[in-house]
Amino acid sequence: MKNNKIITIISAIVLALFALLTLYLSSSVIFDWFGIRAKEGNYVLFIVWANFISSILYLIAVYGFIKRTKWTFWVLIAALVILIVAFIALQFYVNNGGIYEEKTIKAMIFRMLLTLAFSLIALLKFNKLLWGKQSF
């Protein structure tokens, strides 16, 4: 039981830090806070918006981790779907000659994998119907 709490708390903390960092960086580009927009180079605005929306969903998921709710999984899946759709759109954008930074593709792959990992943690920890009354 203690290991379950530790994993849940660590997941919530890491996700909260990631969410706040994502929220700060994406909103800085969208609203041009502190001149960050100029420092970002060739950013793709719809990717920045997808990250911004995902960061809000991450914060909601942090609350779900703290409260140990089964809907946490679905919030993270929604964020993952947004990221996947944005990534597919990015591929079309790139193939049609759109200007972008190479780091954008790497960051999106990392973000999708991290979101998937947190989704699986939420599924394994909080979905009692799937795993019975005992969570892993």
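Along each chain, numbering runs from 1 in the same order as the chain's sequence is written. It should be noted that, the model being predicted, local features are given only for residues of pLDDT at least 70 and side-chain atom pairs only at 80 or more, the latter also being counted only at that level, while totals for whole chains, interfaces and linings use all residues. Values shown for side chains rest on all heavy atoms present in the structure; no hydrogens or waters enter the calculation.

### Points about a nonpolar patch on the surface
Nonpolar side chains collect at one region of the surface, where Leu21, Tyr24, Leu25, Phe31, Trp33, Phe34, Leu45, Trp49 and Ile53 lie side by side and expose about 910 Å² of accessible area between them. For the purposes of this entry, the term helix denotes a DSSP run of H or I that reaches at least four residues, the term strand denotes a run of E that reaches at least two, and both are numbered from the N terminus. Within the secondary structure, Leu45 sits in helix α3 (residues 45-67). Classification of residues uses two cut-offs on accessible area relative to the type maximum, computed with a 1.4 Å probe and protein chains only: under 20% is buried, over 50% is exposed, and between them is partly exposed. The exposure class of Leu45 is partly exposed, given its relative accessible area of 45%. Each patch groups residues whose relative accessible area exceeds 30% and which form no salt bridge, using 9 Å between like charges and 5 Å between nonpolar side chains of Val, Leu, Ile, Met, Phe, Trp and Tyr. Calculation of accessible area relied on Shrake-Rupley with a 1.4 Å probe; when residues are assessed, cover is drawn exclusively from the protein chains displayed. By salt bridge we mean one thing: a side-chain nitrogen of Lys or Arg within 4 Å of a carboxyl oxygen of Asp or Glu.

### So, the nonpolar core
Here, the term nonpolar core denotes a set of buried Ala, Val, Leu, Ile, Met, Phe, Trp, Tyr and Cys residues that are joined through side-chain atoms within 4.5 Å. Counting residues in each nonpolar core, the largest one holds 30 residues, and the members touching the most others are Leu15, Tyr58, Phe65, Leu76 and Leu90. Where this core is concerned, the elements lending two or more residues are α1 (2-31), α3, α4 (71-95) and α5 (102-126). Broken down by element, the residue count for this core peaks at ten residues, all from α4. Residue contacts follow a heavy-atom distance rule, with two residues in contact if any of their heavy atoms lie within 4.5 Å. What Leu90 contacts, discounting residues up to four positions off in sequence, is Val44, Phe46, Ile47, Thr104 and Ile105.

### Overview of the packing of aromatic side chains
The criterion for an aromatic pair is that two Phe, Tyr or Trp rings (for Trp, the six-membered ring) have centres within 6.5 Å, with stacked assigned to planes under 30 degrees apart, edge-to-face to planes over 60 apart and tilted to the rest. By the definition in use, this model includes eleven aromatic pairs. Relative to Tyr58, the ring of Phe18 has its centre 5.5 Å away and its plane inclined at 45°; by these criteria the two rings are tilted. Of the two residues, Phe18 is situated in helix α1 and Tyr58 in helix α3; the sequence distance between them amounts to 40 residues. Both residues of the pair, Phe18 and Tyr58, belong to the buried class.

### Regarding the packing of α1 against α3
Fitted lines through C-alpha atoms serve as axes, helices being fitted only where they are in contact, and the angles separating the N-to-C directions of these axes extend from 0 to 180 degrees. The geometry of α1 relative to α3 is characterised by a closest axis approach of 8 Å and an angle of 155° between their N-to-C directions. With respect to α3, the element α1 is oriented roughly antiparallel. With respect to the hand of their crossing, α1 and α3 are arranged in left-handed fashion. Amino acid classes used here: Ala, Val, Leu, Ile, Met, Phe, Trp, Tyr, Cys and Pro are nonpolar; Asp, Glu, Lys and Arg are charged; the rest, including Gly, are polar. Taken together, the residues of the contact of α1 with α3 sort by class into 19 nonpolar, seven polar and no charged. For this classification, under 35 degrees means roughly parallel, over 145 means roughly antiparallel, 65 to 115 means roughly perpendicular, and everything else is oblique. Crossings are assigned a handedness: left-handed for a near helix turned anticlockwise from the far helix by less than a right angle, right-handed for a clockwise turn.

### Points about unusual backbone geometry
Look at Asp32: it is not a glycine, yet its phi comes out positive at around 55°. If you trace the backbone, Asp32 turns up in the loop between α1 and α2 (36-39). Phi is positive for Phe34, close to 60°, though the residue is something other than glycine. Looking at the secondary structure, you find Phe34 in the loop between α1 and α2.

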